[in-house]
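Each chain, written out:
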Amino acid sequence: MTFMRTLLPAALLFPLLLTAADIPPLRGLSRTDLLEYRDASGKLRRAEKVADWEQRRAEALAGFQSVSGPLPGADQRCPLDVKVEEEADCGSYVRRLISYQSTPGGRVPAYLCIPKTALAGKAVPAVLCLHPTENNIGHKVVVGLGGKPHRQYASELAERGYITLAPSYPLLAKYQPDLKALGFTSGTMKAVWDNIRGLDLLESMPEVEKDNGFATIGHSLGG
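Residues numbered from 1 in each chain as written. Predicted model: local features only at pLDDT ≥ 70, side-chain atom pairs only at ≥ 80, totals over all residues. Heavy atoms only, no water.

Things to note about helix H5 (residues 187–204)
Across its 18 residues, H5 extends 25 Å between first and last C-alpha, which sits within 8% of the 26 Å expected from 1.5 Å per residue. Judged by how many residues are buried, H5 sits mostly within the fold: 15 of 18 residues are covered. (Helix = DSSP H or I, 4+ residues; strand = E, 2+ residues; numbered from the N terminus. Expected span 1.5 Å × (residues − 1). Buried < 20%, exposed > 50% of the residue type's maximum accessible area, 1.4 Å probe, protein only.)

Regarding the sheet that holds strand E8 (residues 215–218)
With mixed pairing, the six strands of this open sheet are ordered in space as E3-E4-E5-E7-E6-E8. The sheet is open, and its two edges are formed by strand E3 (83–89) and E8, each paired on a single side. Neighbouring strand axes in the sheet, compared pairwise and without regard to direction, differ in orientation by 25° on average. Taken together, the four bridges between strand E6 (residues 126–130) and E8 define a ladder with parallel strand orientation. From the neighbouring strand, Cys-129 faces E8, where its bridge partner is Ile-217. Running at roughly 120° to strand E4 (residues 93–103), H5 makes contact with E4, strand E5 (106–115), E6 and strand E7 (163–167) of the sheet. (Pairing = 2+ DSSP bridges. Axes fitted to C-alpha atoms, helices over the stretch in contact; angles between N-to-C directions. Contact = heavy atoms within 4.5 Å.)

Considering the pattern of salt bridges
Counted under the stated rule, the structure contains 11 salt bridges. One salt bridge in this structure joins Asp-200 and Arg-77, with 3.1 Å as the shortest N-O distance. Of this pair, Asp-200 sits in helix H5 while Arg-77 sits in the loop between helix H1 (50–68) and E3; the two residues are 123 residues apart in sequence, bridging distant segments of the chain. A residue is classified by how much of its surface remains accessible, and Arg-77, at 31% relative accessible area, is partly exposed. A salt bridge links Glu-134 to Lys-148, with the shortest nitrogen-to-oxygen separation between them at 3.0 Å. (Salt bridge = Lys/Arg side-chain N within 4 Å of Asp/Glu carboxyl O.)

A short note on the side chain of Glu-209
With respect to the helices and strands, the residue Glu-209 is situated in the loop between H5 and E8. Here Glu-209 is buried and forms no salt bridge, its nearest opposite-charge partner Lys-210 lying at an N-O distance of 8.4 Å. Of the polar contacts made by the side chain of Glu-209, one reaches the backbone nitrogen of Asp-211; its length is 2.8 Å. With sequence-adjacent residues up to four places away left out, Glu-209 is seen in contact with Ala-123, Val-124 and Pro-125. (Lys, Arg positive; Asp, Glu negative; His and termini not counted. Polar contact = N/O pair within 3.5 Å; in protein donor to acceptor, adjacent residues only side chain to side chain.)

As for the pairing of E3
Alignment of E3 against E4, held across six bridges, turns out to be antiparallel. Across the sheet, residue Glu-87 finds its bridge partner in E4, namely Arg-96.

Quick look at the environment of Thr-188
Mapped onto the elements, Thr-188 comes out in helix H5. Using a relative accessible area of 35% as the deciding quantity, one classes Thr-188 as partly exposed. Here the alpha-carbon distance between Thr-188 and Leu-171, two residues 17 residues apart in the chain, equals 9.9 Å. Each residue touching Thr-188, except ones within four places of it in the same chain, is listed here: Phe-64 and Tyr-169.

Some remarks on the nonpolar core
Counting 21 residues, the largest nonpolar core has Ile-163, Leu-202 and Met-205 as its most contacted members. The set of elements that each furnish at least two residues to this core consists of E4, E5, E6, E7 and H5. Of the residues forming this core, the biggest block, four residues, is contributed by E5. (Core = buried A, V, L, I, M, F, W, Y, C linked by side-chain atoms within 4.5 Å.)

Details of the confidence of the model for the protein chain
The predicted model of the protein chain averages 87 in pLDDT, with 88% of residues at 70 or higher. For the stretch residues 1–25, pLDDT sits under 50, and the model shows 75 contacts to residues farther than four places along the chain or on other chains. (pLDDT = per-residue confidence, 0-100.)

A few points about unusual backbone geometry
Negative phi is the rule for most residues except glycine; trans is the rule for most peptide bonds. Its identity as a non-glycine residue notwithstanding, Ala-173 has a phi of 50°, on the positive side. Tracing the chain through its elements places Ala-173 in the loop between E7 and helix H4 (179–182). Among the residues examined, Ala-173 registers a relative accessible area of 22% and is labelled partly exposed. We note that Ser-220 has phi near 55°; this positive angle belongs to a residue other than glycine. The topology assignment puts Ser-220 in the segment after E8.

Take a look at the structure:
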C-alpha cells in the first residue's frame, strides 16, 4: 500500500486555506477533458506544463465550490477535543467510538481502531476509512457492525496492523449536524472538512507513524 499525505478522493486535494474568492469561475470547460483550460485572454488551450494545469485546476475547484460552498478557513481549525464514548477489545486491536470537534461547536462521530502493538509503543501507519452510503448504519459498516459482508475494511486493516479512523458522513444514520448553523452550504463540504480534521487527529496521535504520510480507502460514497 502506498501512503500519501494528500489523499483521494479528489475533494480532499483542496489547499487548506483556499476560498472561492481566491479562484476564477469555471468558464464552460470540458467536464471530461481535464487538460483543457483557458488562458488569460480567454482562449481555449490544452495544458502542456504544470502552470497550465494549475490554471485548469483552479477553475475546477471554483466550479466545485460554487456548488458545495467554500472550504473553511484557518479560523475554523479549532481544538479537536477528542472524547472516547465506547471501547471494545477486538482481539488484536481495540475499537473506540470517539467524537472530535471539526469546527467550533460541531462534533464528528468516528470509529478509531488501534492495534495493540501500537498501544504497546510501536508506531504504525494510519488509514482514513470512508464509508459507503448507509442511511441506517453509517460508519458502523466499515468496522464490521453493519451486518453487511465485504465492507469492513477499517477492521480488516486494523487486524493487519494499521490504525484506522472511520468518521461518519454528515446527514447519514445518527450524524445529523445543522449545516447552516455550522456555516456549511452542503453536507459534501462538511464531509471534506471533517475528513481533513480527521487527518489532523491522526497527525496528533503518538501511536501513528507519520514519516510516510497517510493512506485512504473507501467504497461507493466513500470512494
